[in-house]
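Residue-level listing of the chains:
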Amino acid sequence: MQLFNEDCLDVMRRLADKSVDLILTDPPYGIGEAAGKNKSRGNMAVAKDYGDLEWDNAIPSKAYFDEIMRVSKHQVIFGGNYFVEHLRNSPCWIVWDKDNGENDFADCELAWCSFSSAVRRLKLRWNGMLQHNMKEKEHRIHPTQKPVRLFEWILEKYAQPGWVIMDPFLGSGSSAIAAKRLGYEFIGVEREKTYFEAALERIPREGAQGRLF
């Protein structure tokens, strides 16, 4: 496993063409979740305060997506509906149903995929204190953190044995934990030092656990 506390654009520019089999990532959506927006949205659900940062004030530029496409053979990109101008048409989208009941947060999130298969849906609860596996709840360290099981499901469904997986926007490290549990070689990059250090602590601790279900 290789982890970098850098701007992912710099890291990707050092990689050879198609040297990564799958980029599985969750880039900033440009909706201000990191700038304290999350803590003000709990109209019906109490939101956690993750502090004020600026990384989610804008979506990544075209240069980031150009590099993602250059260095990887396949891609699964969460928030694809926010980046349509940088992506091509695809029949394959993942719908993550958060099973989060009545609140003012999104019911689902969408991931754009480079694969040619049909749209697929995964229902996986992720609603504040309520999670899909209440016996082994994940500690949330990031405002847009995804559950490890979500990334495990994606790797089980789309990745092949021996593939190299990369996440240029590592965030909380959920993708790295999923890759570690399933035995994939992994490259992760996170620019924000606070999240990078928290992920460094989380990955070996949760990556050593068995699969959630």
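Everything discussed here concerns the structure shown above.
Because the structure is predicted, anything quoted here is derived from the model rather than measured.

Reading the values: rules and limits
Residues numbered from 1 in each chain as written. Predicted model: local features only at pLDDT ≥ 70, side-chain atom pairs only at ≥ 80, totals over all residues. Heavy atoms only, no water. Helix = DSSP H or I, 4+ residues; strand = E, 2+ residues; numbered from the N terminus. Contact = heavy atoms within 4.5 Å. Core = buried A, V, L, I, M, F, W, Y, C linked by side-chain atoms within 4.5 Å. Buried < 20%, exposed > 50% of the residue type's maximum accessible area, 1.4 Å probe, protein only. Pairing = 2+ DSSP bridges. Axes fitted to C-alpha atoms, helices over the stretch in contact; angles between N-to-C directions.

Caption draft 1: Focus on the environment of Pro-91. Inspection of the secondary structure puts Pro-91 in the loop between β3 (72-78) and β4 (93-97). A sequence separation of 22 residues divides Pro-91 from Cys-113, and the C-alpha atoms of the two residues are 8.1 Å apart. Leave out the neighbours within four places in its chain, and Pro-91 touches Phe-115, Ser-116, Ser-117, Ala-118 and Val-119.

Caption draft 2: Spotlight on the nonpolar core. The biggest cluster of nonpolar side chains holds 52 residues, and the ones touching the most others in it are Leu-22, Val-76, Ile-154, Leu-155 and Ile-165. If one sorts the elements of this core by residue count, helix α3 (residues 148-158) sits on top with seven residues. Ignoring anything within four residues of it in the chain, the contact list for Ile-154 reads Leu-24, Val-76, Phe-78, Ile-94 and Ala-159.

Caption draft 3: Representation of the side chain of Glu-67 in the model. Among the secondary structure elements, Glu-67 is positioned in helix α2 (residues 62-71). Glu-67 gets classed as buried once you look at its relative accessible area, which sits at 12%. Once residues lying within four places of it in the same chain are set aside, the contact partners of Glu-67 are Leu-9, Met-12 and Arg-13.

Caption draft 4: Layout of the sheet that holds strand β5 (residues 108-113). Spatially, eight strands are ordered β1-β10-β9-β2-β3-β5-β4-β6 in an open sheet, and the strand pairing comes out mixed. Each of the sheet's edge strands pairs with one partner strand only, and the pair in question is β1 (2-4) and β6 (120-123). The sheet shows a mean angle of 15° between the axes of neighbouring strands, taken without regard to direction. Of the strand pairs in this sheet, strand β2 (residues 20-25) and β3 are connected by five bridges, and their pairing is parallel. Within β3, the residue paired with Ile-23 across the bridge is Gln-75. Across the sheet, α3 touches β2, β3, β4, β6 and β9 (164-167), and the angle it forms with β6 is around 145°.

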